[in-house]
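# Structural features, examined
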Amino acid sequence: MQEKMQHSTQQANDKKWTLLVIGIAVGILVTLCSIAGIAGTLFFIKNSEIRETESVELDAKVILTVDKDGCGVERSEVLGSTPVSSLTWVIVDGAGYSILERNAEEEYKYRYYQPGQYTVYINAWYDGRYHQISNEVTITCSPK
């Protein structure tokens, strides 16, 4: 009789462990499916934003040239018919970080103040966000 009870108790314990393992597995599966759903939604949203951005017809353009000293930059007037505003000088360091963004509306020449090599371009505001409207140039500024 006691052997039957021990066998019954063992079966009950085995059943509890089996249910616990199944519950944990289902929980993990639900969590992974939720994460995949969220990631898929974010990917879809990001791709939609990219498609919207790419479809913007923007013909405004500024041409940049580097001054003969290698550090100064000159810009042209805005060319094209797209009405842009808030022209901005953008200076990017060698690691790709934007280290300066400043108004370029009435400024046609700019010289960066720190020694080093930098990429420079012009952004402009149009259709709710900034767009790069110029070529990129590289400047190399020497210590004074």
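Described below are features of the structure shown in this document. Residue numbers restart at each chain and count upward from 1, following the sequence in its written direction. Only residues with pLDDT of at least 70 get local features here, since the model is predicted, and only at 80 or more are side-chain atom pairs given and counted; chain-wide, interface and lining totals rely on the full set of residues. Side-chain metrics in this entry use all non-hydrogen atoms of the structure; hydrogen atoms and water are not considered.

### A few points about the overall build of the protein
Starting at the N terminus, helices and strands are each numbered in turn, a helix being any DSSP run of H or I of at least four residues and a strand any DSSP run of E of at least two. A tally of regular secondary structure across the protein gives one helix and eight strands. Counting over 144 residues, the protein shows a buried share of 22%. Residue pairs at least 24 apart in sequence account for 51% of intrachain contacts in the protein once pairs closer than 6 positions are excluded. Accessible surface is estimated by sampling points in the Shrake-Rupley manner with a 1.4 Å probe; for residues, cover comes only from the protein chains shown. Accessible surface, the protein as shown: approximately 10,400 Å² in total, 58% of it carbon and sulfur. Each residue's exposure class comes from its accessible area (1.4 Å probe, protein chains only) as a fraction of the maximum for that residue type: buried when under 20%, exposed when over 50%, partly exposed otherwise. Every residue pair with non-hydrogen atoms within 4.5 Å of one another is taken to be in contact.

### With respect to the sheet that holds strand β5 (residues 109-111)
The strand order across the open sheet built from three strands is β1-β2-β5, with neighbouring strands paired in antiparallel fashion. At either margin of the open sheet sits one strand with a lone partner, and together these are β1 (64-66) and β5. Taken over all neighbouring pairs, the strand axes of this sheet differ in orientation by 25° on average, direction set aside. Here, a strand pair is defined by DSSP locating no fewer than two bridges between the strands. Note on method: axes are straight lines fitted to C-alpha atoms, helices fitted across the in-contact stretch only, with angles between N-to-C directions ranging 0 to 180 degrees.

### A few points about the nonpolar core
Here the nonpolar core consists of buried residues drawn from Ala, Val, Leu, Ile, Met, Phe, Trp, Tyr and Cys, with membership extended through side-chain atoms lying within 4.5 Å. By size, the foremost hydrophobic cluster in this structure holds 19 residues, and its most contacted members are Leu-64, Trp-89, Tyr-112, Val-120 and Ile-122. Secondary-structure elements contributing two or more residues to this core are β3 (85-92), β6 (116-126) and β8 (137-141). Counting residues per element, this core draws most heavily on β6, which supplies four residues. With residues near it in sequence (within four places) discarded, Leu-64 still touches Val-73, Glu-74, Arg-75, Trp-89, Val-120, Tyr-121, Ile-122, Ser-134, Asn-135 and Val-137.

### Some remarks on the environment of Thr-140
Relative to the assigned elements, Thr-140 resides in strand β8. For Thr-140, a relative accessible area of 41% puts it in the partly exposed group. Sequence separation between Thr-140 and Tyr-118 is 22 residues; the distance between their C-alpha atoms is 6.5 Å. Excluding residues within four positions of it along the chain, Thr-140 makes contact with Asp-69, Gly-70, Cys-71, Gly-116 and Gln-117. At 3.3 Å, the side chain of Thr-140 and the side chain of Gln-117 are in polar contact. Within 3.5 Å is the distance limit for a polar contact, defined as a pair of N or O atoms, with the added protein rule that one can donate a hydrogen and the other accept it, and that residues adjacent in sequence qualify only through two side-chain atoms.

### A word on the packing of aromatic side chains
Ring pairs (aromatic) are described by centroid distance and by the angle formed between their planes. Stacked, tilted and edge-to-face are the three classes assigned to paired rings of Phe, Tyr and Trp, where Trp is represented by its six-membered ring and a pair needs centres within 6.5 Å; plane angles under 30 degrees give stacked, over 60 edge-to-face, the rest tilted. The full count for this structure, using the stated rule, is four aromatic pairs. Relative to Tyr-113, the ring of Tyr-112 lies with its centre 4.7 Å away and its plane at 45°, an arrangement referred to as tilted. Taken together, Tyr-112, Tyr-113 and Tyr-118 form an aromatic cluster joined through their ring pairs.

Take it as geometry only, folks, not as evidence of what the structure does.
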